[in-house]
Amino acid sequence: MKKLFLIGFLISGLVTWAAKPVPSDPKATPEAVKLYQKMLILESKGMMFGHQDAFAYGTQWYNQPGRSDVKEVCGDHPAIIGWELGHLELGNVYSLDSVYFDNIRKGIQYADKIGAINTISWHHRNALTGGTSWDVSSKKTVESILPGGEKHVLYLQYLDKVADFMLSLKNENGKFIPILFRPYHEHTGSWFWWGKNLCTIDQYKALWRFTVNYLRNEKNIHHLLFSYSTDRFSTKEEYLERYPGDDIIDLVGFDLYDNGPEYRSVLDNCAKIVSQVAAEKGKIGAVTEAGDPTGKKTEWWTKTILETIRPYNLSYVLVWRNSFTKTKDVPFGPYKGSPSEQDFVKFYKDPKTLFLNDIK
Ligand code: BMA
């Protein structure tokens with residue numbers, strides 16, 4: 001009887017263990033597995049708030065560790081911290097947004113230490129033309145960097161630099177810090193060289209598959225969770241048209257900026273579809289970039305973002321950066337003195353939103 005009980009106990013333990021969702025990488029590090037599971041659990045509790053370059057700079061400051069515009073407005077840090085690796089591939093010491101890569105590493109370590117979640121985007125150069133990510137003058141760039149292409153070797157050099165950086169992201173115990181990595185985003189639009197009109201469906205998927213497999217198999221990197229994030233779309237079919245595969249993707253998301261009166265209905269439709277896709281696939285779902293480029297709508301946080309997304313289970317919404325060079329971009333996040341500052345405090349206090357202290 002005792003033996004039977006023990007066997008039953010072991011089986012039920014195994015079932016519980018087996019039922020836990022795991023990331024797409026069979027060799028994912030324990031920290032990456034833990035992050036994936038934590039994000040899925042949190043998704044049913046609320047929606048985390050994220051801010052791009054939150055710890056790197058703000059509207060009035062640059063490189064002051066421990067500071068964030070978000071905390072200055074609501075008293076807590078974002079739960080998700082975005083970072084950007086553009087120009088790492090060139091061997092530069094600072095990013096296209098003028099943040100030193102050494103400081104990005106330190107910022108990622110700090111964020112991880114205090115319990116925040118790190119996500120990285122990569123606006124990398126056009127290897128064929130030498131132009132920026134926004135250089136869409138050639139439709140041959142993706143083809144050229146795939147195996148057999150004239151710029152493949154250069155692309156491997158780009159990836160080697162990314163790999164070195166990822167492998168340098170360790171915590172105080174020497175463990176790799178898990179990262180949500182989000183390259184090749186907004187591909188349903190055609191403003192980046194990897195966009196919809198710039199490469200075929202197969203080339204786009206091949207770019208993803210080559211990249212993930214190279215990082216995993218050649219570089220032995222297993223602490224990354226990969227994010228697929230489109231720009232706007234209308235249907236599930238359109239959303240998944242260029243999806244590169246469940247075996248390499250962990251997070252399904254989309255980027256959507258407020259560019260007019262139809263924003264709420266488009267956001268609602270995209271959020272509905274992505275939350276369904278995420279649930280069906282057992283993946284994390286998120287609004288991987290958002291923002292109000294006019295920065296003038298005083299109730300944008302509560303009325304536009306929160307009320308539209310409230311019905312859905314999405315892990316997070318990340319708003320884009322608060323550039324410290326005012327000429328470049330408007331600030332997308334909250335900051336002291338912003339017209340929507342008070343509304344952001346309401347957004348923060350709403351039980352649906354999760355900030356750093358809510359996820360520790
Ligand atoms: C864009 C803009 C650019 C920036 C880039 C990468 O959307 O914010 O100014 O260089 O993202 O972060």
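Quick summary incoming for the structure in this document. (Residues numbered from 1 in each chain as written. Predicted model: local features only at pLDDT ≥ 70, side-chain atom pairs only at ≥ 80, totals over all residues. Heavy atoms only, no water.)

### Remarks on the overall build of the protein chain
Thinking step 1. The helix and strand tally for the protein chain stands at twelve helices and eleven strands.
Thinking step 2. Residues counted as buried form 56% of the 360 residues belonging to the protein chain.
Thinking step 3. The long-range share in the protein chain, meaning contacts at least 24 apart out of those at least 6 apart in sequence, stands at 74%.
Thinking step 4. In the form shown here, the protein chain has an accessible surface area of approximately 15,300 Å², with 56% of it arising from carbon and sulfur atoms.
Thinking step 5. Charge centroids of the protein chain, computed over 44 positive and 42 negative side chains, lie 5 Å from each other. (Helix = DSSP H or I, 4+ residues; strand = E, 2+ residues; numbered from the N terminus. Buried < 20%, exposed > 50% of the residue type's maximum accessible area, 1.4 Å probe, protein only. Contact = heavy atoms within 4.5 Å. Areas by Shrake-Rupley, 256 points an atom, 1.4 Å probe, with all protein chains shown as cover. Lys, Arg positive; Asp, Glu negative; His and termini not counted. Charge placed at Lys NZ, Arg CZ, Asp CG, Glu CD.)

### Regarding the environment of Glu 72
Thinking step 1. Mapped onto the secondary structure, Glu 72 falls in helix 3 (residues 69-74).
Thinking step 2. When its relative accessible area of 30% is taken as the criterion, Glu 72 is described as partly exposed.
Thinking step 3. Sequence separation of Glu 72 and Pro 334 is 262 residues, and the distance between their C-alpha atoms is 8.9 Å.
Thinking step 4. Once you skip the residues sitting within four places of it in the chain, Glu 72 turns out to touch Arg 67 and Lys 336.

### Description of the nonpolar core
Thinking step 1. Judged by nonpolar contacts, the single largest core of 85 residues is most densely connected at Ile 120 and Ile 305.
Thinking step 2. Take this core: its biggest share by element is nine residues, from helix 9 (residues 263-281).
Thinking step 3. Judged by nonpolar contacts, the second largest core, of 23 residues, contains Ala 32, Leu 40, Ile 117 and Phe 332. (Core = buried A, V, L, I, M, F, W, Y, C linked by side-chain atoms within 4.5 Å.)

### Here we look at the environment of Gly 245
Thinking step 1. Tracing the backbone through its elements, the reader meets Gly 245 in the loop between helix 8 (236-240) and strand 8 (251-257).
Thinking step 2. With a relative accessible area of 14%, Gly 245 lands in the buried category.
Thinking step 3. Distance from Gly 245 to Tyr 228, taken between C-alpha atoms, is 9.8 Å for residues 17 residues apart in sequence.

### Quick word on a nonpolar patch on the surface
Thinking step 1. A contiguous nonpolar patch, built from Tyr 62, Val 93, Tyr 94 and Tyr 100 and spanning about 380 Å² of accessible area, is present on the exposed surface.
Thinking step 2. Inspection of the secondary structure assignment puts Tyr 94 in the loop between strand 4 (80-84) and helix 4 (101-113). (Patch = residues over 30% accessible without salt bridge, like charges linked within 9 Å, V, L, I, M, F, W, Y side chains within 5 Å. Salt bridge = Lys/Arg side-chain N within 4 Å of Asp/Glu carboxyl O.)

### Comments concerning the pairing of strand 1 (residues 47-52)
Thinking step 1. For strand 1, the tally of buried residues reaches six of six residues, placing the bulk of the element in the interior.
Thinking step 2. Note: strand 1 against strand 11 (residues 353-354), two bridges, orientation parallel. Bridged to Met 48 within strand 11 is Leu 354.
Thinking step 3. Bridge count for strand 1 against strand 10 (residues 316-319) is four bridges, and the pairing is parallel. Paired with Phe 49 across the two strands is Val 317, which belongs to strand 10.
Thinking step 4. Where strand 1 lies against strand 4, three bridges are found, and the strand directions are parallel. Pairing of Gly 50 across the sheet is with Ile 80, part of strand 4. (Pairing = 2+ DSSP bridges.)

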